[in-house]
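Here is how the chains run, residue by residue.
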Amino acid sequence: MKYERILAIGDIHGRFDRLSSVFNKIKFSSKDFLILLGDYVDRGNENLHCLQWAMRISKLPNVIALRGNHEQMMLYYYVTGSSSSAIWLPNGGRYTRAEMDEWCKRDPDFLEEALKFIDRRPYYYQTFIDEQEYIFCHAGLKPGVSLQNQTADSMLWIREEFYNYYDGTAEVVVGHTPTPYIGKIEGVSVKDIYYPVRLPNRITMIDTGSFLPQGRISCIDVISGQIWQSDC
Ligand SMILES: [Mn+2]
């Protein structure tokens, strides 16, 4: 690949202050490729600013914005109205929903644009760097199942089954499970619970609790391994 850095940014969850902080530090340019791992909305106080930022920046040819489980819940809530959509509001969606009600008074088309954007989000991004396969997705992969046969539910929601039992050859970079919640993992020293974790089985977890009081938003360059974090 022709890019100098392959960057991934983890969960954002409506923290535009922390997003700006980390994004300013990385000094993103056309020489970089950037993958956003999803969960732009919910739990923060500037959820739609974060979603709008993702909508704008992903128009660049060197940016991919993936789908997170929070975008999926939001889509279900507004579009299908099915009983499963009821989980969105108690999972932080009530903040996004309240913002949406306000925004649509000024810009009645925004809801439709947002839902169209979410509906087009891919579940994963695969690339090869020096013949090493890399897979980026929001939550993870079901162990023993090929990439083509992964379900949306696995890629958006999986937790322990993935990080305890994944044994594939691809490097996998995910968000979804905040590093402070991972707990003690054998063979992994967690110096700082709000710092990305690389597990022995090729998984890198970069959701560093963006919405938590001491949390951060993190970015990693998978080529060099360099990490940038927002100020708290
Ligand atoms: Mn999340």
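Numbers given to residues run from 1 along each chain, matching the order in which its sequence is written. Since the coordinates come from a predicted model, pLDDT governs what is reported: local features require at least 70, and pairs of side-chain atoms require 80 or more to be given and counted, while whole-chain, interface and lining totals use all residues. The side-chain quantities take in all heavy atoms of the structure and omit both hydrogens and water.

## Quick word on the overall build of the protein
What counts here: Each helix is a run of DSSP H or I of at least 4 residues and each strand a run of E of at least 2, with the numbering of both proceeding from the N terminus. Type-normalised accessible area, obtained with a 1.4 Å probe on protein chains alone, sets the label of each residue: buried when under 20%, exposed when over 50%, and partly exposed for intermediate values. Computed with a 1.4 Å probe, the accessible areas rest on the Shrake-Rupley method; for each residue, only the protein chains presented here act as cover. Charge assignment in this entry is limited to Lys and Arg as positive and Asp and Glu as negative, and neither His nor the chain termini are counted. Here the site of a charge means NZ on Lys, CZ on Arg, CG on Asp, or CD on Glu.
On a plain count of helices and strands, the protein comes out with eight helices and 10 strands. Residues classed as buried in the protein amount to 56% of the 232 residues present. Carbon and sulfur atoms make up 49% of the accessible area of the protein, which amounts to about 11,000 Å² in all. Of the charged side chains in the protein, 25 are positive and 29 negative, and the gap between their average positions amounts to 3 Å.

## A few points about the coordination of the manganese ion
When a metal holds four donors in a tetrahedron, each ideal angle between them is 109.5 degrees; when it holds six in an octahedron, the ideal angles are 90 or 180 degrees. Basically, it comes down to this: Only nitrogen, oxygen and sulfur atoms qualify as donors, provided they sit within 2.8 Å of the metal or within 3.2 Å for Na, K and Ca; with water excluded from the atoms, sites may seem incomplete.
The protein atoms that coordinate the manganese ion are D11 (OD), H13 (NE2) and D39 (OD), at distances of 2.1 to 2.3 Å. For the manganese ion, the single-chain donor residues occur in sequence as D-x1-H-x25-D. Taken together, the residues H13 in the loop between β1 (5-9) and α1 (16-26) and D39 in the loop between β2 (32-36) and α2 (47-57) connect sequence positions 26 residues apart. Overall, the relative accessible area of 1% leaves H13 in the buried class.

## As for the nonpolar core
We count it as follows: To define a nonpolar core, start from buried Ala, Val, Leu, Ile, Met, Phe, Trp, Tyr and Cys residues and group those joined through side-chain atoms within 4.5 Å. In this analysis, two residues are considered to be in contact whenever any of their non-hydrogen atoms come within 4.5 Å of each other.
I9, L34, L36 and L51 are the most contacted members of the largest nonpolar core, which totals 35 residues. Those elements that place two or more of their residues in this core are β1, α1, β2, α2, β3 (63-65), α3 (69-80), α4 (93-106) and α5 (110-119). With seven residues, α2 is the largest single contributor of residues to this core. In this view, L51 contacts Y40, V41, M74, A114, F117 and I118; residues no more than four positions away in its chain are not counted.

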